[in-house]
Amino acid sequence: MKNFYLFLLLFSSVAIFSQNILKGKISGKDNIALEGVNVYLDGTTISTISDTNGNFAIKYEPNANNILVVSFMGYQTEYLTGLDASKPLNVSLAVSENELKEVVITKNELFTREQKLKLFREYFLGKTNNAKLTVIKNESDLRFKYDKEKLIFTASSDKPLTIVNEALGYKIDYELVVFEVAFNKLSISPKDVIKNFYGGVSRFEDIDNSVTVLERREKAYQGSQIQFFRNFAKSDWGIKKFILLNDDNSIDPLKRFRIIKEEDFVKVEILPQPKGEVKNENLKDIFAAYNIAFNRTEESKITFQTDSFYIYKYGNNSNIESILFSGKIAEKKVADLLPLNYGIK
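Thresholds, definitions, all that
- Residues numbered from 1 in each chain as written.
- Predicted model: local features only at pLDDT ≥ 70, side-chain atom pairs only at ≥ 80, totals over all residues.
- Heavy atoms only, no water.
- Helix = DSSP H or I, 4+ residues; strand = E, 2+ residues; numbered from the N terminus.
- Buried < 20%, exposed > 50% of the residue type's maximum accessible area, 1.4 Å probe, protein only.
- Contact = heavy atoms within 4.5 Å.
- Areas by Shrake-Rupley, 256 points an atom, 1.4 Å probe, with all protein chains shown as cover.
- Pairing = 2+ DSSP bridges.
- Core = buried A, V, L, I, M, F, W, Y, C linked by side-chain atoms within 4.5 Å.
- Axes fitted to C-alpha atoms, helices over the stretch in contact; angles between N-to-C directions.
- Expected span 1.5 Å × (residues − 1).
- pLDDT = per-residue confidence, 0-100.
- Phe/Tyr/Trp six-rings, centres within 6.5 Å; stacked < 30°, edge-to-face > 60°.

Some details on the overall build of the protein
For step 1, the next point in the chain: Secondary structure summary: the protein contains five helices and 21 strands in total.
For step 2, the next point in the chain: Relative to its 345 residues, the protein shows a buried fraction of 48%.
For step 3, the next point in the chain: Relative to all contacts within the protein whose residues are 6 or more apart in sequence, the contacts with residues 24 or more apart total 62%.
For step 4, the next point in the chain: Surface exposure of the protein reaches about 18400 Å², of which carbon and sulfur atoms provide 49%.

Things to note about the pairing of strand E4 (residues 55-60)
For step 1, the next point in the chain: The side-chain alternation of E4 yields one buried face, formed by Phe 56, Ile 58 and Tyr 60, and one unburied face, formed by Asn 55, Ala 57 and Lys 59.
For step 2, the next point in the chain: Pairing of strand E1 (residues 20-27) with E4, which is carried by six bridges, proceeds in the antiparallel orientation. When the bridges of E4 are listed, Lys 23 appears paired with Ala 57.

Here we look at the nonpolar core
For step 1, the next point in the chain: With 57 residues, the main nonpolar core has Ile 26, Leu 68, Phe 120, Phe 124, Ile 163 and Phe 179 as its most contacted residues.
For step 2, the next point in the chain: When residues of this core are assigned to their parent elements, the largest contribution, seven residues, is made by strand E12 (residues 170-183).
For step 3, the next point in the chain: The contacts of Phe 120, once residues within four sequence positions are left out, are Leu 125, Ile 136, Leu 142, Phe 144, Ala 155, Leu 161, Leu 176 and Phe 179.
For step 4, the next point in the chain: Phe 229, Ala 233, Phe 257 and Ile 323 belong to the second largest nonpolar core, which has 23 residues in total.

Description of the sheet that holds strand E2 (residues 38-41)
For step 1, the next point in the chain: If you walk across this open sheet you meet the four strands as E3-E2-E5-E6, and the pairing is antiparallel. Where the open sheet ends on each side, the last strands, each with one partner, are strand E3 (47-49) and strand E6 (78-80). Strand-to-strand twist of the sheet, defined as the mean angle between neighbouring strand axes without regard to direction, takes the value 15 degrees.
For step 2, the next point in the chain: Bridge analysis of strand E5 (residues 68-71) against E6 gives three bridges, and the strand direction is antiparallel. Within the sheet, the bridge partner assigned to Val 69 lies in E6 and is Tyr 79.

Side note on the side chain of Ser 50
For step 1, the next point in the chain: Along the chain, the position of Ser 50 falls in the loop between E3 and E4.
For step 2, the next point in the chain: The buried category is assigned to Ser 50, whose relative accessible area is 2%.
For step 3, the next point in the chain: Setting aside its immediate chain neighbours within four residues, Ser 50 contacts Ile 26, Leu 34, Glu 35, Gly 36, Val 37, Asn 55 and Phe 56.

A word on helix H2 (residues 113-124)
Each α-helix turn comprises 3.6 residues. Residues three or four places apart therefore point the same way.
For step 1, the next point in the chain: With twelve residues, H2 extends 16 Å from end C-alpha to end C-alpha; this agrees with the ideal 16 Å at 1.5 Å per step.
For step 2, the next point in the chain: Lys 116, Leu 117, Leu 119, Phe 120, Glu 122, Tyr 123 and Phe 124 are the residues of H2 that are buried.
For step 3, the next point in the chain: Those residues of H2 that are buried lie in contact with strand E8 (134-136), strand E9 (142-147), strand E10 (152-157), strand E11 (161-165), E12 and strand E13 (193-206).

Some remarks on the environment of Phe 294
For step 1, the next point in the chain: When you line up the elements, Phe 294 lands in strand E18 (residues 288-294).
For step 2, the next point in the chain: Of the residues examined, Phe 294 reaches a relative accessible area of 6% and is grouped as buried.
For step 3, the next point in the chain: Sequence spacing of Phe 294 and Phe 228 is 66 residues, and the spatial spacing of their C-alpha atoms is 9.0 Å.
For step 4, the next point in the chain: In this structure Phe 294 touches Gln 222, Gly 223, Gln 227, Lys 240, Lys 241 and Phe 242, once residues within four positions along its chain are discounted.

Considering the confidence of the model for the protein
For step 1, the next point in the chain: Taken as a whole, the protein shows an average pLDDT of 88; of its residues, 90% reach a score of 70 or greater.
For step 2, the next point in the chain: The model gives residues 1-18 a pLDDT under 50, and that stretch makes 39 contacts with residues more than four places away or in other chains.

Things to note about the packing of aromatic side chains
Remark: the centre distance and the inter-plane angle together describe each pair of aromatic rings, the angle taken between the planes.
For step 1, the next point in the chain: As enumerated under the stated definition, the model contains 30 aromatic pairs in all.
For step 2, the next point in the chain: Aromatic side chains Phe 153 and Phe 179 sit 6.2 Å apart centroid to centroid with 85 degrees between the ring planes, which places their arrangement in the edge-to-face category. A residue pair is termed long-range when its members are at least 10 positions apart, and Phe 153 in strand E10 and Phe 179 in strand E12 qualify at 26 residues.
For step 3, the next point in the chain: A relative accessible area of 0% places Phe 153 in the buried class.
For step 4, the next point in the chain: Phe 179 gets classed as buried once you look at its relative accessible area, which sits at 1%.

Examining helix H5 (residues 225-233)
For step 1, the next point in the chain: Within H5, eight of the nine residues are buried, leaving the element largely enclosed by the surrounding structure.
For step 2, the next point in the chain: Buried within H5 are the following residues: Ile 226, Gln 227, Phe 228, Phe 229, Arg 230, Asn 231, Phe 232 and Ala 233.
For step 3, the next point in the chain: In the segment just after H5, Ser 235 is the residue with positive phi, at about 55 degrees.

Set out below in structure tokens:
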């Protein structure tokens, strides 16, 4: 898992290749070919498994800047990016150390496991109608920790979370890399939360493509973060789309952001915000903060703790931990999450 953070830092250094089929071979201990290894692009429905000779082939777009995940029971997961699809890929998996982490039970715990599970569900799955139809099948694998000095609640799991979303018709295998909820005082109440962040790698599998489910997916897409960043990259703003606001006054995004277009991705430079506009005493190192509205009604706020970032083909972006949302758009969490390749042919 620790290698995952390295890839977050490498998001800006992407080689230019057209869409290709990436082929390769996977081996394990003693260089023996591994059959049935899961190979997938993080956050998408694009996946395959290796054959009896350890060979695999998968659609791969380097400029989409997805992480290629290679996962097999009993072996350490590999996270690969910036690959050249014109060359065969040889992956040698290392045997998992199978270290069982000690579960520490503290007699003077302030909060019960059920309270912690409730908080995790709210800030991981969300509280929308779709969240009510979404379950984590292996909640018992979750471990929680509350740092009473730093006022930070964290969650982790040694096994991928198996999530079944009946509302949107997906089964999601989610490897949780980081989950944090920061409070302004010693509390587990949502009203005292000042910051929430989670991340990991995920594989989507279609389990229902009925008309009703497809309609729900499109509704989930409208006003989502994926749509926001896709529109952002195209400078596609408007009353029936997203508009940028300072308080209730509309702002011209071209005067607040500089968009530098490359072949398959863009760099966004955030221009200095006029003094007096940024108002958030709970967060530090704020470079800019704006209100945004979708379709005139859904109001949210975006806060940048970075002066630049990249947006890639699918609407995924770098610096995800430094771009914070609150309001309506932040209500859409994993239960409203769509594959990154949703709507892209």
